[in-house]
2 protein chains.
Amino acid sequence: MVTSTNTVTVNGERLWSRLMEMAQFGALPEGGCNRQALTDEDQAGRSCFMDWCRDIGCEVRIDQIGNIFARRAGLDESLTPVMTGSHLDTQPTGGKFDGIYGVLAGLEVLHTLSENNIKTARSLEVVVWTNEEGCRFDTAMMGSAVWSGAMPLQDAYDLRDRDCFTVQQELTRIGHLGEHPAQCYKVHAALETHIEQGPVLEAENKVIGIVTGVQHMSRHRVIVQGQETHAGPTPMNMRFDPMMALSRFLPRLYAMAEQHAPDGRLTFGYINAAPGSSNTVPGELEVTVDIRHPEQKQYVEMLAGYKEIVEEACAHYQLPVELSCFWEAPGVQFADRCVNAVRNAAMANSYPSRELVSGAGHDACNLSRVAPTGMIFIPCEGGVSHNQKENALPEHITAGANILLGAMLALAEE
Amino acid sequence: MVTSTNTVTVNGERLWSRLMEMAQFGALPEGGCNRQALTDEDQAGRSCFMDWCRDIGCEVRIDQIGNIFARRAGLDESLTPVMTGSHLDTQPTGGKFDGIYGVLAGLEVLHTLSENNIKTARSLEVVVWTNEEGCRFDTAMMGSAVWSGAMPLQDAYDLRDRDCFTVQQELTRIGHLGEHPAQCYKVHAALETHIEQGPVLEAENKVIGIVTGVQHMSRHRVIVQGQETHAGPTPMNMRFDPMMALSRFLPRLYAMAEQHAPDGRLTFGYINAAPGSSNTVPGELEVTVDIRHPEQKQYVEMLAGYKEIVEEACAHYQLPVELSCFWEAPGVQFADRCVNAVRNAAMANSYPSRELVSGAGHDACNLSRVAPTGMIFIPCEGGVSHNQKENALPEHITAGANILLGAMLALAEE
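Please read all numbers here as calculations on a predicted model, not as lab measurements. (Residues numbered from 1 in each chain as written. Chains lettered and ligands numbered in written order. Predicted model: local features only at pLDDT ≥ 70, side-chain atom pairs only at ≥ 80, totals over all residues. Heavy atoms only, no water.)

1. Quick notes on the packing of helix H8 (residues 242–259) of chain A against helix H9 (residues 296–316) of chain A
Residue and element names in this part refer to chain A. Put simply, H8 and H9 touch, their axes get as near as 8 Å, and they point 160 degrees apart. Judged by the inter-axis angle, H8 sits roughly antiparallel to H9. The element H8 and its partner H9 pack so that their crossing is right-handed. When H8 is examined against H9, the residues Ala-245, Arg-248, Phe-249, Arg-252, Leu-253 and Met-256 are found in contact with a partner set consisting of Met-302, Gly-305, Tyr-306, Ile-309, Val-310, Glu-312, Ala-313, Cys-314 and His-316. In terms of residue class, the contact of H8 with H9 is made up of ten nonpolar, two polar and three charged. (Axes fitted to C-alpha atoms, helices over the stretch in contact; angles between N-to-C directions. Helix = DSSP H or I, 4+ residues; strand = E, 2+ residues; numbered from the N terminus. Parallel < 35°, antiparallel > 145°, perpendicular 65-115°, else oblique. Left-handed = near helix turned anticlockwise from the far one by under 90°. Contact = heavy atoms within 4.5 Å. Nonpolar A, V, L, I, M, F, W, Y, C, P; charged D, E, K, R; others polar.)

See the structure below:
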């Protein structure tokens, strides 16, 4: 019933041209996109996607949190479906591929099957998860979190943007508050195709990343109290200057990350000194610390090391400090069923590949709690993502979609 | 003709109660003041001061930039006057003493002389300089800069606040755009009494600071370029992370300040990493560096050291960096005539005193370009200023005014 994966391949040009077309919604001057969740631009992108799905005969439905499901019916409706998908929303200065590629690669798989009149035993579904980026509404992977039961629907509805509009208001406004329950159902397997968002595949000339899991990660806030004083009259040794504590803990934290190389990651993405006047010693310093490691043991060591180093530095300068963890995601081990399907497809297509642990969180992390899940990575230029310059080669775009096609076909017949 | 400084002293209680009365204009809940330049609160404070001056028989005039001059005529109108003064405007969350003390101490000297029927050879003038703080209109020491010729009148008129009101509009609105030319005239000597705004006098149990000058100072902006990347997937050694450069130059800069202890000052008052997302390696880091030293040679060494250390750290991580100086004020050496008058008065009154170099800029810096100038410091609690908690002891308030009285009397007879 199924044509071999060697004889059917996706239409890479069509997939590329859809990626470019989608990038017009919220297009930015430097080639990137600003299509944040539930904006007019997001609405336009979502509508465009639904039109494409209906054009190839898919049934499209929207759930109560705005997740879009495009379904291509299988031969046996009693079998649980094979799912793929990602997100269409972007960072404020995001790229054309992060998330979008996973959605449109799924659409391309369905389109390829349709034009080749290939029927599958299981139904296939392509999903757009609402608000993966968590920029406008500050919870990343929101739609998949609600669907997988990790976040109550009402909590998601009540999230507010900076102008105080809620998710529920904005879903209603753009007409994407659907009737279907935002609740998981039995899925045979779920796959997500994505650009790596890191430089490893490119550096090693690999085309496919077989993702075996996602690293442990957490985000922390450090608030150091100092004493606001005029920059001129107070001698250095009479100051209570939180920047001095920073000057002590920052190099030590980077040194700790080096001890956990090559997999340990430490990022200081936000920093602010109040009141922020160039001639006033800051009264308060706030800095965020993002800590990641794929191995549980080393991750825990990094957490302990971070705490010890920051507290020692602040104590050294007699400055009160408050440490808090505001987000944590335990590491994920993907399902053998899915990892094997991806590995087999990579081998069948003879693409250079390697196993990888994802450094970033994805909707697939939420799905992995309720369904056998896996991911496929392709290289992106310089590893750059969350950036207008984000780029991927057309041949890699095509390759990843072919792997998705092969893996979904295999899973759909199990 | 002149009563000895030992027999006439100021009325400390009257001075203190005027300080408290002035603090009611723009009073804040935590005991501080918000009386920014040319606001309704500033207008009320200025009117109150002018009433007090007229009550003791002074002639009051306002110049074209709103500087207020209260004059007590001397016996010989052909002699140049002795001037004192400071400012009545405050920071948005300022204290009750910074500036105000210098104005009201001057008023108290004139009041003391009047009630004791003491005539002086030279006229005495108490001045309120407009917009010293430079908060609402972003140029500190504005009124004294215009008067001393350092800033064209029209440039000052054109300064705008955040609501786009100009200095000229606001001077007109509060009725303080005077007719007298905002232009310096010959002055025999100018003194400014001020809280130290630093902790040195308090720490050494001194009551009077004989200020010999103002340190060299400048403010610099460091902008380090990095590459925005996702916090997860990029290995540490493949990042272009401006925070790594910071972790290298910050401790080295503080170490340099220590080499120039105890007088060198280094302050990092503003810091920002863009885009400021906790899970993105910053693409840009901006930090301000305020550099001060009283000695020219060491100040120049600090400037060169700062440049070298920052550039080396950025080169080490292959990050482009841009250094710019956005404000510089050369150091000031006060006039022997004035420093001696203050020293003699301190000795005559037997107050514990020490010589000091001011760490902060004052209206006296502008005056020193066109007139023999000096300053008197008194301790403030914990060295805290630009803060609602700013505080000074009544006995120190009285002591400083007595020194001003003694020094002005001596200078007025020269």
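We are not done yet, so read on.
2. Structural notes on the packing of aromatic side chains
Considering all chains together, one arrives at 14 aromatic pairs over all chains under this definition. With a centroid separation of 6.3 Å and an interplanar angle of 40 degrees, the aromatic rings of Phe69(B) and Trp147(B) are classed as tilted. With Phe69(B) in strand E2 (residues 68–72) and Trp147(B) in helix H4 (residues 142–147), this residue pair connects regions lying 78 residues apart in the sequence. A relative accessible area of 2% places Phe69(B) in the buried class. Each residue in the set Phe69(A), Trp129(A), Trp147(A) and Tyr185(A) is aromatic and connected to the rest through ring pairs, giving one cluster. Across the ring face of Trp52(A), the terminal group of Arg18(A) is positioned such that the distance to the ring centre comes to 5.3 Å. When the ring centre of Phe326(A) is taken as reference, the NZ or CZ atom of Arg221(A) above it lies at 4.3 Å. (Phe/Tyr/Trp six-rings, centres within 6.5 Å; stacked < 30°, edge-to-face > 60°. Buried < 20%, exposed > 50% of the residue type's maximum accessible area, 1.4 Å probe, protein only. Lys NZ or Arg CZ within 6 Å of the ring centre and 35° of its normal.)

3. Concerning the domain arrangement of chain A
Residues and elements named next belong to chain A. Annotation of chain A at the domain level lists domain 1 (12–215 + 331–412) and domain 2 (216–329). Computed from C-alpha atoms alone, the centre-to-centre distance between domain 1 and domain 2 is 35 Å. Between domain 1 and domain 2, the contact holds eight residues from the first and nine residues from the second. Buried area between domain 1 and domain 2, both sides added, is near 570 Å², and the carbon and sulfur share of it is 56%. Looking at the side of domain 1 facing domain 2, the largest losses of area belong to Gln-215, Gly-331 and Gly-359, adding up to 73% of the total buried there. Here domain 1 is connected to domain 2 by zero salt bridges. (Domains from an automatic or database assignment. Buried area = accessible area lost by both parts, 1.4 Å probe. Salt bridge = Lys/Arg side-chain N within 4 Å of Asp/Glu carboxyl O.)

4. Quick look at the side chain of Ser247(A)
Within the secondary structure, Ser247(A) is located in helix H8. At 2.7 Å, the side chain of Ser247(A) and the backbone oxygen of Met244(A) are in polar contact. If near-sequence neighbours (up to four positions away) are discounted, Ser247(A) is found in contact with Leu250(B), Pro251(B) and Tyr254(B). (Polar contact = N/O pair within 3.5 Å; in protein donor to acceptor, adjacent residues only side chain to side chain.)

5. Re helix H12 (residues 394–412) of chain A
In a regular helix each residue adds 1.5 Å, so 19 residues correspond to 27 Å; H12(A) covers 27 Å between its end C-alpha atoms and thus fits that length. Taken across its 19 residues, H12(A) has 16 buried, putting it largely inside the fold. (Expected span 1.5 Å × (residues − 1).)

6. Notes on the relation of the copies chain A and chain B
Laying chain A over chain B is done by rotating through 180 degrees and shifting 0.7 Å along the axis; what remains is an RMSD of 0.7 Å. What we have between these two chains is a two-fold relation. For chain A, the residue whose C-alpha comes nearest the rotation axis is Asn272(A), separated from it by 2.8 Å. (Least-squares fit on C-alpha atoms with pLDDT ≥ 70 in both.)

7. A short note on the pairing of E2(B)
Residues and elements named next belong to chain B. Of all five residues that make up E2, five are buried, and the element is covered over most of its length. Residues Ile-68, Ala-70 and Arg-72 of E2 are buried on one face, and the alternating residues Phe-69 and Arg-71, pointing to the opposite face, are buried as well. With four bridges connecting them, strand E1 (residues 59–62) and E2 associate as antiparallel partners. Directly across from Glu-59, in E2, lies its bridge partner Arg-71. As paired elements, E2 and strand E4 (residues 124–128) share five bridges and run antiparallel to each other. Across the sheet, residue Arg-72 finds its bridge partner in E4, namely Leu-124. (Pairing = 2+ DSSP bridges.)

8. Here's the deal with the interface of chain A and chain B
Taken together, the contact between chain A and chain B spans 59 residues of the former and 57 residues of the latter. Together chain A and chain B conceal approximately 4,600 Å² of surface at their shared face, both sides included; 61% is due to carbon and sulfur atoms. Summed over the three residues of chain A that lose the most area to chain B, namely His230(A), Ile271(A) and Ser278(A), the buried surface amounts to 13% of that side. Where chain A packs against chain B, one counts zero salt bridges. Put simply, chain A and chain B have 15 residue pairs in polar contact (both at pLDDT 80 or more) between them. Elements that contribute at least two residues to the side of chain A that touches chain B include exactly helix H7 (200–203), H8, strand E9 (265–267), strand E10 (271–274), strand E11 (280–281) and strand E12 (284–293) of chain A.

9. Section: the environment of Gln64(A)
Residue and element names in this part refer to chain A. If you trace the backbone, Gln-64 turns up in the loop between strand E1 (59–62) and strand E2 (68–72). Sequence-wise, Gln-64 and Glu-390 are 326 residues apart; in three dimensions their C-alpha atoms are separated by 32 Å. Each residue touching Gln-64, except ones within four places of it in the same chain, is listed here: Leu-153, Tyr-157, Leu-171, Leu-177, Gly-178, Glu-179, His-180, Pro-181 and Ala-182.

10. Observations concerning the pattern of salt bridges
If the charged atoms of two oppositely charged side chains come close together, the side chains can form a pair. Here the structure, examined in full by the defined rule, presents 42 salt bridges over all chains. Here Arg354(A) makes a salt bridge to Glu204(A), at a shortest N to O gap of 2.8 Å. Linking Arg354(A) in strand E15 (residues 353–358) with Glu204(A) in the loop between H7 and strand E6 (208–214), this pair joins segments that are 150 residues apart in sequence. With a relative accessible area of 27%, Arg354(A) lands in the partly exposed category. Linking Arg252(B) and Glu312(B) is a salt bridge whose minimum nitrogen-to-oxygen distance equals 3.5 Å. Residue Arg252(B) is located in helix H8 (residues 242–259), and its partner Glu312(B) is located in helix H9 (residues 296–316); the two are separated by 60 residues in the primary sequence.

11. Topic: helix H10 (residues 336–348) of chain A
Two residues of an α-helix separated by three or four positions point the same way, owing to the 3.6 residues in each turn. Residues and elements named next belong to chain A. The end-to-end C-alpha separation of H10 is 18 Å, in line with the 18 Å expected for 13 residues at 1.5 Å each. Listing the buried residues of H10 in full gives Cys-338, Val-339, Ala-341, Val-342, Ala-345 and Ala-346. In a view along the axis of H10, the buried residues occupy a sector of 160 degrees, so they form one face of it. Exposed residues pointing more than 90 degrees away from the buried face of H10 are listed as Asp-336 and Met-347. (Arc of directions from axis to C-beta.)

12. Section: the side chain of Glu390(B)
Residues and elements named next belong to chain B. Mapped onto the elements of the fold, Glu-390 is located in the loop between strand E16 (373–378) and helix H12 (394–413). Buried charge Glu-390 goes without a salt bridge, the closest partner of opposite sign being Lys-96 at 8.0 Å. Looking at Glu-390, its side chain comes within polar contact range of the main-chain nitrogen of Lys-96, at 3.3 Å. Not counting residues within four places of it along the chain, the set of residues in contact with Glu-390 comprises Gly-95, Lys-96, Phe-97, Asp-98, Ile-195, Val-384 and Ser-385. (Lys, Arg positive; Asp, Glu negative; His and termini not counted.)

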